[in-house]
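# Remarks on the overall topology
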Amino acid sequence: MKQDKIYYGGDYNPDQWPEEILEQDIPMFQKAGINLVTLPVFSWAKLQPSEEVYCFDWLDRVIDRLWRAGISVCLSTPTAAQPAWMSRKYPDMLPVDISGLRRTHGKRVNFCPNSPDYRRFSTAIAEKMGERYGKHPAVVLWHVANEYGTYCYCPQCERKFREWLKDRYHTVEELNARWNLSFWGHTVYDWDEVVIPSERNDDYRFYQPVYLDYRRFMTDSNLDCFRAEYNILKKYSPDIPITTNISGFIQQLDQMKFCKHVDIAGWDNYPWPTDPPARVAMKHDLMRGLKQGKPYLMVEQAPSQQNWQPYNVQKRPGELRRLSYQAMAHGADSVMYFQMRQSVAGVEKFHSALISHAGHENTRVFREMSQIGRELAALGGQTVGAVSKNQAAILFDWDNWWAAEGSNGPSRDLKYLEQVEKYYTAFYKRNIPVDFVSMEDDLSGYRVLVTPMLYMVKPGCGEKLREFVKKGGTLLTTVFSGIVDENDRVPVGGYPGELSDILGIWVEETDALRPEQSNRIVGKEAPFVGSFSCGLLCDVIHLTAPDTEALCVFGEDYYKDFPCVTCHPFGEGTAYYVGTNPEERFADALIGKIAGERGLRPVLEASEIPEGIEITCRENENGRFYYLLSFRKGETAVNLARSGKNFINAVTGEKVGDSLLMKEYDCFLLRER
Amino acid sequence: MKQDKIYYGGDYNPDQWPEEILEQDIPMFQKAGINLVTLPVFSWAKLQPSEEVYCFDWLDRVIDRLWRAGISVCLSTPTAAQPAWMSRKYPDMLPVDISGLRRTHGKRVNFCPNSPDYRRFSTAIAEKMGERYGKHPAVVLWHVANEYGTYCYCPQCERKFREWLKDRYHTVEELNARWNLSFWGHTVYDWDEVVIPSERNDDYRFYQPVYLDYRRFMTDSNLDCFRAEYNILKKYSPDIPITTNISGFIQQLDQMKFCKHVDIAGWDNYPWPTDPPARVAMKHDLMRGLKQGKPYLMVEQAPSQQNWQPYNVQKRPGELRRLSYQAMAHGADSVMYFQMRQSVAGVEKFHSALISHAGHENTRVFREMSQIGRELAALGGQTVGAVSKNQAAILFDWDNWWAAEGSNGPSRDLKYLEQVEKYYTAFYKRNIPVDFVSMEDDLSGYRVLVTPMLYMVKPGCGEKLREFVKKGGTLLTTVFSGIVDENDRVPVGGYPGELSDILGIWVEETDALRPEQSNRIVGKEAPFVGSFSCGLLCDVIHLTAPDTEALCVFGEDYYKDFPCVTCHPFGEGTAYYVGTNPEERFADALIGKIAGERGLRPVLEASEIPEGIEITCRENENGRFYYLLSFRKGETAVNLARSGKNFINAVTGEKVGDSLLMKEYDCFLLRER
Amino acid sequence: MKQDKIYYGGDYNPDQWPEEILEQDIPMFQKAGINLVTLPVFSWAKLQPSEEVYCFDWLDRVIDRLWRAGISVCLSTPTAAQPAWMSRKYPDMLPVDISGLRRTHGKRVNFCPNSPDYRRFSTAIAEKMGERYGKHPAVVLWHVANEYGTYCYCPQCERKFREWLKDRYHTVEELNARWNLSFWGHTVYDWDEVVIPSERNDDYRFYQPVYLDYRRFMTDSNLDCFRAEYNILKKYSPDIPITTNISGFIQQLDQMKFCKHVDIAGWDNYPWPTDPPARVAMKHDLMRGLKQGKPYLMVEQAPSQQNWQPYNVQKRPGELRRLSYQAMAHGADSVMYFQMRQSVAGVEKFHSALISHAGHENTRVFREMSQIGRELAALGGQTVGAVSKNQAAILFDWDNWWAAEGSNGPSRDLKYLEQVEKYYTAFYKRNIPVDFVSMEDDLSGYRVLVTPMLYMVKPGCGEKLREFVKKGGTLLTTVFSGIVDENDRVPVGGYPGELSDILGIWVEETDALRPEQSNRIVGKEAPFVGSFSCGLLCDVIHLTAPDTEALCVFGEDYYKDFPCVTCHPFGEGTAYYVGTNPEERFADALIGKIAGERGLRPVLEASEIPEGIEITCRENENGRFYYLLSFRKGETAVNLARSGKNFINAVTGEKVGDSLLMKEYDCFLLRER
């Protein structure tokens, strides 16, 4: 089933209302341009009032009514929140938390992913729904459950963890070796001696190899829940894509792994009001990377206020539209919301909606959403499926995230995302598009690869990077890289381990600076003339290859004049290393230098576009589409003539002149003529 | 039994000492003017050494000895701390905390209020005490237990909660509706599916309607404990008033509800050294409001240091006396302390007492307490029973406190007490007396009613406010009002819900500001000329009645020039709305304007009394009494002549001249001649 | 067995590596001058793979191989970390934490010290090791377990606690009295009513006498574990000293008591990078005091980074050497490390080692360690056993630490260590050596005794101090002294209780200041002319003896002009009291005054040595040794001529001239000629 328009709509919970509400809501949906609603996400209790009884009639009526109104359905299994009677009858469905206490019924996403009862009931209702709605013409998407990612520490999980380990390591001897269990005498002689890492034994923060595998196991456990439902739905609807919504950029679930198993990736975009635009853009780009550049869905965003932040700021006029265009700009083929009608009680009652507590359409938020709806209707399916073809990539890896931040030392302030964002932002500011990739992806199309803080070098990774550089690629890696293997074990021989020959350096020591301390990066040649601030970690580096060059040195302390930033020609390529956490200005300079060397250009060539105008490009069989968003105060004139291209406004169909005047919050979607 | 003097004394724990201590202590009590002691608050273990054995002989001797010395007794049941043997034998008496863990014996107020064993034993000892002491001439007051308010989360409480809900809602369908349980699919089909809201399921902060009822249920559970003892004591002493001590202004117990069932309200006044005087005054006024203006008891205050604060500051010379007069100034007919003799070990050993660890009377604190004792003796019963007749009132409501602060969003900084205090203080500074009222009280006597942050509008409340204004009252309500019903459900139709027609406005949005952000209130006419700072929440307001007037508008942001403060003539009255959290200066100006319009005058007419001189008035059959307290540094001359009244010093009996010279900490109690 | 050299080496865990690693490591050990390694600290699981099976062959080979290489062994029992199979089979070995939850297997030092199974297994393996290695020539030290100090709150501990109490107090009546259980009606009638103080009843912070005894009981429980192994090892190796490593200066274990039972005290020195040198010196001096001045062992220090600090700073070049000399300067006869070879995974993988992850010797850290090794080899046994003879002492007492900081009030900022360090530092800056003593030690050799914040005056303590002063000693005690007895009960009669006659004062009140508040100490005579800042606590003091003199008075508040610092001639001595927490500058002046009066001189007489040059002296049959360490930036010339002594460099054997030029980090060990 081919998507023929940008999906516009989102979560709808008519089961929280009398059924007559449909007659109020549907006209408003139509007025706002809604073409898809997601349901019945949390309706398990209503769909299955008891073990033997299912009630689908109300849902039949809702779907039919929507369909008659021209609104499609993203049909969700309701398995993120089991009914109260189920938790009561089968209490092992409830998870045990990291402190070892069994939870009681309540909240949502409150199930043990390894509970056989959960699996039995969740697949049963998926079967019923597949059977009943698998061919319904309203259904254009399947959605499974909601925001997977719960960890459980129950005895059932402990047993399954041991089986998972047996599958992975086969013998206890191998387990002892891979987990380095001789440390502190943790050696096991029997699989049953493996204990779940938790707050009860502190191994969740004291024994990294153990907890690292528990995170992997929990990703797999959640994935098994998803796949069990997926396989059933696929049987009934082989042509309908299946998705689930990822809760933002959360750490606990390996989304790279998880999204291999969805048909189309989907995520919930809830930025903080203080997030810089580059951070939001980065998360979109990551989402696109999960499926190797394929378009994805923005499954949720808040029309205005979010209820769960400490200060629930209203989105400013124009802000929602810009966020919506930004999603499409990076590869989303949907603009979807939580939710259509605001709940009247419970934790989310102050989460904004298309239809607010006022109950009518005469609100600022409704008007802004309607404008977006109209524009998307005018745009039609032109951009659907369009992709970006980029020459730079950043490696992102959940195992590395878990391991680097889970390490005891060298600094508790070490944050993987901050390091990734720092280098991403340097590309972003220049409107040079970047892909996020995993180590399993094909790197051959890229000229530049950045692997920020590549603490963990998994099997094959070193070799793959070696090949990439040898064949002419430019690699940039940064402080605290090449330290451990996939089990968080340090290979003896000196940092950066497998990356040593590529980078041509040996890192003898890594000094950790307290927050009030800093050092300086001192360079002599452009673009590094002068000095830049740095901190967090400082590597004591030795050049080990005759042709490794120290581009910059440290300016202070006992490693003053030691190399800080190095460059090593390797094969036909070049490998850069930044042995500290530099200020943003330095990352900008370095990425500028690398971009210059490798001919990475802004998405709109030769333009003189000031910082704060975000531009991306997507292309498909209908042409090349340029997205321009203004994050600048006041008015900005963007000179399009220098690009040598001609444009049509893809929404209005009008020709666009040489100069585009952009106010703050303005967005343009241009098609190249 | 009519009270014939201000009670002066407090907690006495002779059971922590050899019995001979009485012979040391009683002469010191007499010297200090003590006329009442409270006992035996924590002596259950001594009074009942085992299930079958009671030991009252020692208490007989203590009471008789006090009585012979002319000291009355406030006789307390000891049921706030069950004996260790009891907890051991009946472990279900111990509460389960919010994380689901059963507590062990220790501390105090450490019982499950729904434990049948607790109820059985606490009523049995109340029966024994009523029988034995109910007619003892020393006993002038009964006191039940101590500082009620414990919450428990045990299975017994869960069962009782379900029964309580059945009584309240009758059917699960009604429960589902009232709790909006369709949200997140929490629908129940059987009462036994209701789960206690706790940290085990997070519903204590994620499912407001549930936790709101749990708070009500816990108030009722505590109240049932109190009433069980009350009814027994009443049987034996129909003429002796029964009280209990409320622990300050605590949130967890609905004191408005609780105090309906005490004969005379009593509370523990433990201000922080940094508390402004208005805050202390406000808490006294609230206490008076719990029983519709009747005098109450200050059951505890610290002679000097309090042990439980992070920094146990000594009260400055004169500070205790001023606090004592302040209590009487607002309606207390007692000045009582914790405690008579300082404990030598345990958590309270550094809590100050009449007789300190020095063991003698030659201390500053003893001297200051003796002075107060002498003055109260001189005052005699003149002021007992005196009340205040006020024209302004502030609504205070525990349900509203729970609900407004329990809400997820719009701001975590939202504090009900701060809003109440802000408007209270504006009256306080002008010495315009204010009552606190509940929605069940008669409002007809008031000209002005302030309902700060009236988030929850309970059944009948909207109508009552409508009538109040229609009949000529002035209503002031403020930001985040009219949002939910008594189950924390938002009525669809727009904020401020039931208050909309009264206020003549529609609040489309409520923006939350981060702490570092602010907006401005801009006015053109006196007293609002210029601009005032505001923050926390800002309402986007539309005027919906032709005669609603925007007194001020916002000065910044996308709602710049939108109404911020409104005024709506309604019936014969007027309704004001402040759609933000203004700086104090603005509240002062607004209350000044309203006071001017409605002829609210300071307690001493026509005086030119500077800020920092607190004045109140109480009256009874003996005349009108004026309390003057100085919170000003240095000397202040108060001109009494302008009041047109003549005064006698009620303590010394001396005439008072036209000018009263007040030093810091000075207090005067004047009777109008 | 007489120690004939400074032990140089530390923890070695060859069981974390293939056995061949020995052939790589031992040559490096030799190169670095290592003469002792500690093992097999955490190898219980390897030594005892199951209940019936022991495996010592690998350890035999390791010890033999080391011995052949000339390296001695500090042989450790592995009982700090029981094997996983043992925890699984005997789960009562696992401790219950203070919140009442049973822990699971993991971490280390994770056993219940009262578990009979733990006792049985730990003594069994000690027996096996004693039997096998008790006469092995490589073994020169026994080391038991690791960093004792775990608290457990399990039912078994509760039963043992009751027995411990029965032994101590004999009757419940005595228990009720000593614990003041009549407070809050906690009276018990049966030993079985005693409940463990924990977070489940809050008595761990609300009922000081109870928790104080629980701390004592836990010290005894840990000690019993140690002694059970000690007695077995002693049987096999009567001549080999037995030690264990104390984890720094931790509060939970009474090290004064514990170290009575070790042959030689040992501790782990892990300073924070921000610790002033005086703090490190103080901890060394305390360690020396634990065994009445006998040399002790520094069992662990980090070669460079420590993994567990928030920011793992590298030790600067020279810093490790200075820390090593500082240890010896204060009485250590060893310089030992954790560890010899860096672990590759787990919580300690970023803890530095002699052999780093690089795996070779070409590192800065290895070079610095080798230099120390060479110097110690050159020094030989000259200084072994040398002691210091000092005239000033500071009392340190764990009970006092527990009780003073466990008190509710008067201030939560009250820290015993800070008070001790303040007065210690005043001596340190002047290079006047100080001993730490307990109240059980002989005080007769001292001229000056400082008892900072002597909150708890245990039986006999008052009398001992009285004798000390009467016979001519100078006593200095400070604010919050003389408050409670050994059960945290205040003796009635006024502070400072038993110290009142000695000090000639009565402290009527103790005011607590908030952090933002301060008062002033005002003096008229040298060295107190002018004013000094003070805070935290301020005593309201009355002079009760005719000859008590107020050296200084307070400068502010209602106790302005009241005595603040007093001096009282008593018998042939003098007793000083400081009734507040003074700024450091005041402590310096006061200690200077006292030193002048009592003829306490710097360790190098008549020298004009600037602050920042630390000097100590130790002497034995080989002469007097002076340790000079520079903590000053840049170069400092130290004039030795003024001392009237001649010196030889004890390491190089060279004569030392009159002036010693010291750079930052420089250390000299001089022997007087």
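Everything here concerns the structure above.
Now for a quick tour of the structure. Note that the coordinates shown come from a computational prediction; the quantities given were computed from them, not determined experimentally.

## Description of the packing of aromatic side chains
Throughout the structure, instances matching the rule amount to 130 aromatic pairs over all chains. When the centroid spacing of 5.4 Å and the interplanar angle of 50° are considered together, the rings of Phe226(A) and Phe258(A) count as tilted. Of this pair, Phe226(A) sits in helix α9 (residues 208-236) while Phe258(A) sits in helix α10 (residues 255-258), placing them 32 residues apart in sequence. In this structure, Phe226(A) and Phe258(A) share a single accessibility class: buried. Taking 6.2 Å as the distance between ring centres and 25° as the angle between the ring planes, the aromatic pair formed by Phe161(B) and Trp164(B) counts as stacked. One end of the pair is Phe161(B) and the other is Trp164(B), both in helix α6 (residues 155-169) and 3 residues apart, which spans about a single turn. Per residue, the accessibility class of Phe161(B) equals that of Trp164(B), and both read buried. Within the aromatic cluster, the residues linked to one another by ring pairs are Phe249(A), Phe396(A), Trp398(A), Trp401(A), Tyr416(A), Tyr424(A), Tyr428(A) and Phe436(A). In this arrangement the basic side chain of Lys46(B) is found over the ring face of Trp58(B), its NZ or CZ atom lying 4.7 Å from the centre.

## What about helix α12 (residues 319-330) of chain A?
Residues and elements named next belong to chain A. Under the 1.5 Å per step criterion, the end-to-end length of α12 is 17 Å for 12 residues, consistent within 8% with the ideal 16 Å. Of all 12 residues in α12, 12 are buried, a share of seventy percent or more. Listed as buried for α12 are Glu319, Leu320, Arg321, Arg322, Leu323, Ser324, Tyr325, Gln326, Ala327, Met328, Ala329 and His330. In the stretch just after α12, glycine 331 is the one whose phi turns positive, near 130°.

## Comments concerning the environment of Thr474(C)
Residue and element names in this part refer to chain C. Looking at where threonine 474 falls in the secondary structure, it is placed in strand β13 (residues 474-478). Using a relative accessible area of 1% as the deciding quantity, one classes threonine 474 as buried. The sequence separation of threonine 474 and isoleucine 125 amounts to 349 residues, and the corresponding C-alpha distance is 51 Å. Apart from residues no more than four positions distant in its own chain, threonine 474 is found in contact with Arg447, Val448, Leu449, Phe468, Thr574, Tyr576, Ile594 and Arg598.

## Quick notes on the interface of chain B and chain C
Each partner contributes residues to the interface: chain B has 48 residues there, and chain C has 55 residues. By the criterion of area lost to chain C, the three top residues of chain B are Lys107(B), Tyr311(B) and Val347(B), representing 17% of everything that side buries. Where chain B meets chain C, there are 32 residue pairs in polar contact (both at pLDDT 80 or more). Tallying contributions element by element places helix α4 (residues 84-89) of chain B first for the side of chain B that touches chain C, with 3 residues. Residues that form the side of chain B that touches chain C fall into these classes: 19 nonpolar, 17 polar and 12 charged.

## Looking at the relation of the copies chain B and chain C
To go from the first copy of the chain to the second, apply a rotation about an axis and then a shift along the same axis. Screw-axis analysis of chain B against chain C gives a translation of 0.0 Å along the axis, an RMSD of 0.0 Å, and a rotation angle of 120°. Such a turn and shift between the copies fits a three-fold axis. Taking C-alpha positions as the reference, the residue of chain B nearest the rotation axis is Leu101(B), at 5.4 Å. Comparing interface residues between copies, only 2% of those in chain B also sit at the interface in chain C, which points to a heterologous contact through distinct surfaces.

## Digging into the relation of the copies chain A and chain C
Expressed as a screw operation, the relation of chain A to chain C combines 0.0 Å of axial shift with a rotation of 120°, fitting to an RMSD of 0.0 Å. A different interface surface on each copy is seen, since only 2% of the contact residues of chain A are contact residues in chain C too.

## Considering the state of the cysteines
This model, assessed by the stated rule, comprises 0 disulfides over all chains. Lacking any disulfide linkage, Cys157(C) is separated from the closest cysteine sulfur, that of Cys112(C), by 3.6 Å.

## Topic: the sheet that holds strand β7 (residues 266-268) of chain B
Residue and element names in this part refer to chain B. Pairing is parallel across the open sheet formed by 3 strands, whose spatial order is β6-β7-β8. Both edges of this open sheet fall to β6 (245-246) and β8 (297-300), since each of them pairs with a single strand only. Two strands pair when backbone bridges link them, and β7 and β8 are joined in this way by 3 bridges, in the parallel orientation. Within β8, the position partnered with glycine 266 by the bridge is leucine 297. Together, β6, β7 and β8 form the strand contacts of helix α11 (residues 277-290), whose direction differs from that of β7 by roughly 155°.

## Considering the interface of chain A and chain C
Contact residues are listed per partner, giving 55 residues for chain A and 48 residues for chain C. For the pair chain A and chain C, the summed buried surface comes to about 4,400 Å²; carbon and sulfur atoms form 55% of the total. Where chain A meets chain C, there are 7 salt bridges. The closest approach of N and O atoms between Arg103(C) and Asp202(A), which form a salt bridge, is 3.2 Å. Secondary structure elements with two or more residues in the side of chain A that touches chain C: α8 (203-206), α9 and β13 (505-512) of chain A. With 6 residues, the single largest contributor to the side of chain A that touches chain C is β13(A). Classifying every residue of the side of chain A that touches chain C by side-chain character gives 23 nonpolar, 16 polar and 16 charged.

## Remarks on the packing of helix α12 (residues 319-330) of chain B against helix α13 (residues 364-379) of chain B
Residue and element names in this part refer to chain B. Here α12 crosses α13 at 35°, and the two axes come no closer than 9 Å. Between α12 and α13 the crossing geometry is right-handed. Contacts between α12 and α13 involve Glu319, Leu320, Arg321, Ser324, Tyr325 and Met328 from the first element and Glu368, Met369, Gln371, Ile372, Glu375 and Leu376 from the second. Tallied by class, residues from the contact of α12 with α13 come to 6 nonpolar, 2 polar and 4 charged.

## Some words on the sheet that holds strand β9 (residues 334-338) of chain C
Residues and elements named next belong to chain C. The sheet built from 6 strands is open, its strands ordered β5-β4-β3-β2-β1-β9 with parallel pairing. Only two strands of the sheet have a single neighbouring strand rather than two, namely β5 (242-243) and β9. As paired strands, strand β1 (residues 7-11) and β9 are joined by 5 bridges and run parallel to one another. Residue pairing in the sheet places aspartate 11 in a bridge with phenylalanine 338 of β9. Contacts from helix α13 (residues 364-379) reach β1 and β9 within the one sheet, and its direction differs from that of β1 by about 140°.

## A closer look at unusual backbone geometry
Note the cis peptide between Phe338(A) and Gln339(A), where omega equals 5°. Tracing the backbone shows Gln339(A) in the loop between β8 (334-337) and α13 (364-379). A positive phi angle, close to 75°, is found at Asp561(B), a residue other than glycine. In this fold, Asp561(B) is placed in the loop between β17 (549-554) and β18 (563-570). Among the residues examined, Asp561(B) registers a relative accessible area of 53% and is labelled exposed. At Trp184(C), a position not held by glycine, the phi torsion is positive, near 55°. Structurally, Trp184(C) is set in the loop between α7 (172-178) and α8 (203-206).

Thresholds, definitions, all that
Residues numbered from 1 in each chain as written. Chains lettered and ligands numbered in written order. Predicted model: local features only at pLDDT ≥ 70, side-chain atom pairs only at ≥ 80, totals over all residues. Heavy atoms only, no water. Phe/Tyr/Trp six-rings, centres within 6.5 Å; stacked < 30°, edge-to-face > 60°. Helix = DSSP H or I, 4+ residues; strand = E, 2+ residues; numbered from the N terminus. Buried < 20%, exposed > 50% of the residue type's maximum accessible area, 1.4 Å probe, protein only. Lys NZ or Arg CZ within 6 Å of the ring centre and 35° of its normal. Expected span 1.5 Å × (residues − 1). Contact = heavy atoms within 4.5 Å. Buried area = accessible area lost by both parts, 1.4 Å probe. Polar contact = N/O pair within 3.5 Å; in protein donor to acceptor, adjacent residues only side chain to side chain. Nonpolar A, V, L, I, M, F, W, Y, C, P; charged D, E, K, R; others polar. Least-squares fit on C-alpha atoms with pLDDT ≥ 70 in both. Disulfide = S-S within 2.5 Å. Pairing = 2+ DSSP bridges. Axes fitted to C-alpha atoms, helices over the stretch in contact; angles between N-to-C directions. Salt bridge = Lys/Arg side-chain N within 4 Å of Asp/Glu carboxyl O. Left-handed = near helix turned anticlockwise from the far one by under 90°.

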